[in-house]
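Here are the chains, one letter per residue:
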Amino acid sequence: MNTQQLRGLGRAPCTGCHRRSLVIRNVAEATRPAVVSTNGKARAGVPEGTPIVTPQDLPSRPRRNRRSETFRSAIRECIVSPANFILPIFVHEEGSTNIPIASMPGIFRLAYGKNVIDYVAEARSYGVNQVVVFPKTPDHLKTPTAEEAFNPNGLSQRTIRLLKDNFPDLEVYTDVALDPYNSDGHDGIVSDAGVILNDETIEYLCRQAVSQAQAGADVVSPSDMMDGRVGAIRRALDREGFTNVSIMSYTAKYASAYYGPFRDALASAPKPGQAHRRIPPNKKTYQMDPANYREAVREAKADEAEGADIMMVKPGMPYLDVVRLLRETSPLPVAVYHVSGEYAMLKAAAERGWLNEKDAVLEAMTCFRRAGADLILTYYGIEASKWLAGEK
Ligand code: PBG
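Only a predicted model underlies this, so the values are computations on that prediction, with no experimental measurement involved.

Each value, and the rule that gives it
Residues numbered from 1 in each chain as written. Predicted model: local features only at pLDDT ≥ 70, side-chain atom pairs only at ≥ 80, totals over all residues. Heavy atoms only, no water. Near = heavy atom within 4 Å. Polar contact = N/O pair within 3.5 Å; in protein donor to acceptor, adjacent residues only side chain to side chain. Areas by Shrake-Rupley, 256 points an atom, 1.4 Å probe, with all protein chains shown as cover. Nonpolar A, V, L, I, M, F, W, Y, C, P; charged D, E, K, R; others polar. Phe/Tyr/Trp six-rings, centres within 6.5 Å; stacked < 30°, edge-to-face > 60°. Helix = DSSP H or I, 4+ residues; strand = E, 2+ residues; numbered from the N terminus. Buried < 20%, exposed > 50% of the residue type's maximum accessible area, 1.4 Å probe, protein only. Lys NZ or Arg CZ within 6 Å of the ring centre and 35° of its normal. Contact = heavy atoms within 4.5 Å. Lys, Arg positive; Asp, Glu negative; His and termini not counted. Salt bridge = Lys/Arg side-chain N within 4 Å of Asp/Glu carboxyl O. Pairing = 2+ DSSP bridges. Right-handed = clockwise from strand over helix to strand, strands pointing away. Core = buried A, V, L, I, M, F, W, Y, C linked by side-chain atoms within 4.5 Å. Axes fitted to C-alpha atoms, helices over the stretch in contact; angles between N-to-C directions. Parallel < 35°, antiparallel > 145°, perpendicular 65-115°, else oblique. Left-handed = near helix turned anticlockwise from the far one by under 90°.

## Let's talk about the site of the ligand
Line of reasoning, step 1. Within the structure, the ligand sits among 18 residues, and Lys253, Arg263, Lys283, Lys314 and Tyr379 are positioned closest to it.
Line of reasoning, step 2. Between the ligand and Asp175, the relevant distance is 3.4 Å, taken from a nitrogen atom to a side-chain nitrogen or oxygen of the residue.
Line of reasoning, step 3. Side-chain polar atom of Asp187 to a nitrogen atom of the ligand: 2.9 Å apart, as the coordinates give it.
Line of reasoning, step 4. Protein chains bury 100% of the 400 Å² of accessible surface belonging to the ligand in isolation.
Line of reasoning, step 5. Looking at the shell around the ligand, its residues break down into eight nonpolar, three polar and seven charged.

This is the structure in structure tokens:
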């Protein structure tokens, strides 16, 4: 067979070869002379049947830079550290034991007091020094106007105080929204016609944020998606002298199905309405439509102009494009919330042995960083930090 024929076939049996030994003539290199097999003798160190080919003339071979773990780790573009994590903590005071959350295996409502301190101490021992507090409010304290949200002695405010008393250098974040305290289960006050009132709600969000700052919060985090709340909270904090308290805004928070387990944890899902009070069954008139991308730019511009210090995207894994968008739209730090439903999915697959949990979780964390997130809110905060420290 001559070169011309080889070019046509792309390959040719070589004389005297073993049945499976073929000389492969690279189509792309067809003008170069064919390499002839070494008399059918298998090359050492490769399985019999491995084709013998002319080396490609490649100036660029990206695999050279993936050669060894030493080199891969030397040129890795982003790293994950426990310093990036913000650990959410659920707190209750209906007894002194931690209460498991069925849809979030491994996560508990922590009993206010020693159990909260122990949990945070464990997190700190692995380098996690940031937490966000979510109180489980007893039903009898919930009202349609959610005044418990700014009770100076509410569970949230007491927990903040407890944490700052025990760990002065802990960064304590809060959630600013009415849903854990609202008998209707919405982030804002609901009118009888079923409208979530914007400006009226903001008045109470400001009181809530100020009460959290008075309790010692370092960062208040409005998660309610009312319009104008970042600016209003900034002015309220400044007026009360809290110019050093930061605002982490839930800038692009989507009306997501992935919050289900969280609402189980706090029993905070929207409640059924009645004939004279129509309660919307979902949060779609304030949280963003999952189909929307440009709208996140609008939210980001507003939050930045209103004085946000950190912008957040939520949920996490299905929204990495939005994380990247905020990273490129603004110089502010970007946070991402790896939400309860994402945690539940990983746990469920891991429990069935369908995923390697450690690898899958650390990959998710790395991908948040690659997308541009500085901060990661995750229920895996302690476990991931143990894995990062080399624990099994
Ligand atoms: C409350 C709030 C929610 C979450 C954080 N803050 C629930 C919601 O908006 O319904 C969800 C967190 C999670 O799912 O892990 N405004």
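Still to come is the rest of the account.
## Some details on the packing of aromatic side chains
Line of reasoning, step 1. Considering all chains together, one arrives at eleven aromatic pairs under this definition.
Line of reasoning, step 2. Plain terms: the ring middles of Phe134 and Phe262 are 5.0 Å apart, the flat faces sit at 85 degrees to each other, and that makes the pair edge-to-face. Of this pair, Phe134 sits in strand β7 (residues 130-135) while Phe262 sits in helix α7 (residues 260-266), placing them 128 residues apart in sequence. The two residues Phe134 and Phe262 agree in class, both being buried.
Line of reasoning, step 3. An aromatic cluster is present here, built from Phe90, Phe134, Tyr250, Phe262, Tyr337, Tyr343, Tyr379, Tyr380 and Trp387 joined pairwise through their rings.
Line of reasoning, step 4. The aromatic ring of Tyr259 is capped on one face by Lys253, whose charged end is 5.5 Å from the ring centroid.

## With respect to the side chain of Asp224
Line of reasoning, step 1. Residue position: Asp224 is located in the loop between β11 (219-222) and α6 (229-239).
Line of reasoning, step 2. We classify Asp224 as buried; its relative accessible area is 0%.
Line of reasoning, step 3. Among the polar contacts made by the side chain of Asp224, one reaches the main-chain amide nitrogen of Met226 at a distance of 2.8 Å.
Line of reasoning, step 4. In this structure the side chain of Asp224 is engaged in a polar contact, spanning 3.4 Å, whose partner is the side chain of Arg229.
Line of reasoning, step 5. Once residues within four sequence positions are removed from consideration, Asp224 is found in contact with Val176, Ala177, Asp187, Leu205, Arg229 and Tyr286.

## With respect to the side chain of Glu299
Line of reasoning, step 1. Position of Glu299 relative to the elements: it lies in helix α8 (residues 294-306).
Line of reasoning, step 2. No salt bridge forms around the buried Glu299; measuring N to O, its nearest opposite-charge neighbour Arg229 is 5.0 Å away.
Line of reasoning, step 3. Each residue touching Glu299, except ones within four places of it in the same chain, is listed here: Met225, Thr251 and Met288.

## Describing the pairing of β11
Along any regular strand the residues' side chains alternate between the sheet's two faces.
Line of reasoning, step 1. The two faces of β11 match: Val219 and Ser221 on one face and Val220 and Pro222 on the other face are all buried.
Line of reasoning, step 2. In the sheet, strand β8 (residues 171-176) pairs with β11 via four bridges, with the strands oriented parallel. Note on β11: the bridge partner recorded for Thr174 is Val220.
Line of reasoning, step 3. In terms of handedness, the path from β11 via α6 over to strand β12 (residues 246-253) forms a crossover that is right-handed.

## Concerning the nonpolar core
Line of reasoning, step 1. Core analysis: the biggest nonpolar cluster contains 107 residues, and Ile89, Phe90 and Leu163 have the highest contact counts within it.
Line of reasoning, step 2. Among all residues touching Leu163, those that are not within four sequence positions of it are Ile89, Val116, Val120, Val131, Val133, Leu170 and Val172.

## Notes on the packing of helix α3 (residues 114-125) against helix α4 (residues 155-166)
Line of reasoning, step 1. Running from amino to carboxyl end, α3 crosses α4 at an angle of 50 degrees, the nearest separation of the two axes being 11 Å. As far as their axial angle goes, α4 and α3 are oblique. Like other packed secondary-structure pairs, α3 and α4 cross with a definite hand, here right-handed. On α4, the residues touching Val116, Ile117 and Val120 of α3 are Thr159, Leu162, Leu163 and Asn166.

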